[in-house]
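Structural overview
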Amino acid sequence: MLKDVAWAPYRDVVCETFVLRQPVISSEYARHHGDYLISLSAAPHEASHVWHSQSWYLRHMADGFVSLRSGGIELMPVDFWGEVGGFWRCMMDVITDYAHTGSGHTLLEDQPYSLALRKAGDSAVFELADASYTVSPRGFVLGLLSGANDFYSWAVEHVGGFSDDETHRPALLRTLITNERAHPAG
């Protein structure tokens, strides 16, 4: 079982997924990103409408932003937006590898950024783009899984199009991570 690490600066993470209201120029988004984002949790029906309006050119997916907040700090760079379903798929791949081997790494589908999570003694290291964070291997990972579960639950209810394997993956990984017999390689 993964243990919580009291001294880790980033013990927990709160995730929130947003969709972009409309296509936007990157420089404009960076200056006024809050004006362009719709929260899936705060405005689920509006987000669904926007998702469907984008799907004609993104083949069922939607562009957006996934906020990862820990210790009062936003870990996700503000210009780090893209196809949100792809982000969560990549995150699930990283967590799957981490749960089985102690290390997971991938390049995000539509961004030139890497995403990684690896065991480091009693803690873990989460890497996003060029930044590294020492995180609690339990609280942080379970927070990521909660964010993924929130996204997939919203998607099943409001937009559809995801396989059962995708939508059930966060719960399966949560069971694996919290199972006493599951010990990531260290």
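Quick note: structure is the one above.
This structure is a prediction, so every number in the text was calculated from the model and none was measured.

**Some thoughts on the nonpolar core**
Core analysis: the biggest nonpolar cluster contains 53 residues, and W51, L68, F87, W88, M91 and F126 have the highest contact counts within it. Other than its neighbours up to four places away in sequence, W88 contacts C15, T17, V66, L144, G147, A148, F151 and Y152.

**A closer look at the pairing of strand β3 (residues 63-70)**
Within β3, seven of the eight residues are buried, which leaves the element mostly enclosed by the surrounding structure. Bridge count between strand β1 (residues 14-20) and β3: six bridges; the pairing is antiparallel. Residue pairing for β3: V19 is matched across the bridge by G64. Relative to strand β5 (residues 82-83), β3 runs antiparallel, the two sharing two bridges. Bridging across to β5, G64 finds its partner in G82. Of the strand pairs in this sheet, β3 and strand β4 (residues 73-74) are connected by two bridges, and their pairing is antiparallel. Residue S70 lies in a different strand from β4, and its bridge partner there is I73.

**A few points about the packing of aromatic side chains**
Considering all chains together, one arrives at ten aromatic pairs under this definition. Relative to F162, the ring of Y152 has its centre 5.6 Å away and its plane inclined at 80°; by these criteria the two rings are edge-to-face. Remark: F162 occurs in the loop between α4 (139-158) and α5 (164-178) and Y152 occurs in helix α4; sequence separation between them is ten residues. The exposure class of Y152 is buried, given its relative accessible area of 2%.

**Examining α4**
A rise of 1.5 Å per residue sets the reference length of α4, with its 20 residues, at 28 Å; its end C-alpha atoms lie 28 Å apart and thus fit the reference within 8%. G160 lies just past α4 and shows a positive phi near 65°.

**Section: the pattern of salt bridges**
Inspection of every chain in the model, using the stated rule, returns six salt bridges. The shortest N-O distance in the salt bridge between E83 and R89 comes to 3.7 Å. In this structure, the salt-bridge partner of E127 is R118, at a minimum N-O distance of 3.2 Å. R118 gets classed as partly exposed once you look at its relative accessible area, which sits at 36%. Each of E83, R89 and E166 takes part in one network of salt bridges that share partners.

**Some points on unusual backbone geometry**
Although it is not a glycine, A129 sits at a positive phi angle of roughly 60°. Secondary-structure assignment places A129 in the loop between β8 (123-128) and β9 (131-135).

**Examining the packing of helix α3 (residues 84-101) against α4**
Remark: α3 packs on α4, axes separated minimally by 11 Å, with the N-to-C direction vectors making an angle of 145°. Handedness of the crossing formed by α3 with α4: left-handed. Judged by residue contacts, V84, G85, W88, R89, M91, M92, I95 and Y98 of α3 engage V141, L144, L145, G147, A148, F151 and Y152 from α4. Each residue belonging to the contact of α3 with α4 can be placed in one class, and the counts come to twelve nonpolar, two polar and one charged.

Cut-offs and rules
- Residues numbered from 1 in each chain as written.
- Predicted model: local features only at pLDDT ≥ 70, side-chain atom pairs only at ≥ 80, totals over all residues.
- Heavy atoms only, no water.
- Core = buried A, V, L, I, M, F, W, Y, C linked by side-chain atoms within 4.5 Å.
- Buried < 20%, exposed > 50% of the residue type's maximum accessible area, 1.4 Å probe, protein only.
- Contact = heavy atoms within 4.5 Å.
- Helix = DSSP H or I, 4+ residues; strand = E, 2+ residues; numbered from the N terminus.
- Pairing = 2+ DSSP bridges.
- Phe/Tyr/Trp six-rings, centres within 6.5 Å; stacked < 30°, edge-to-face > 60°.
- Expected span 1.5 Å × (residues − 1).
- Salt bridge = Lys/Arg side-chain N within 4 Å of Asp/Glu carboxyl O.
- Axes fitted to C-alpha atoms, helices over the stretch in contact; angles between N-to-C directions.
- Left-handed = near helix turned anticlockwise from the far one by under 90°.
- Nonpolar A, V, L, I, M, F, W, Y, C, P; charged D, E, K, R; others polar.

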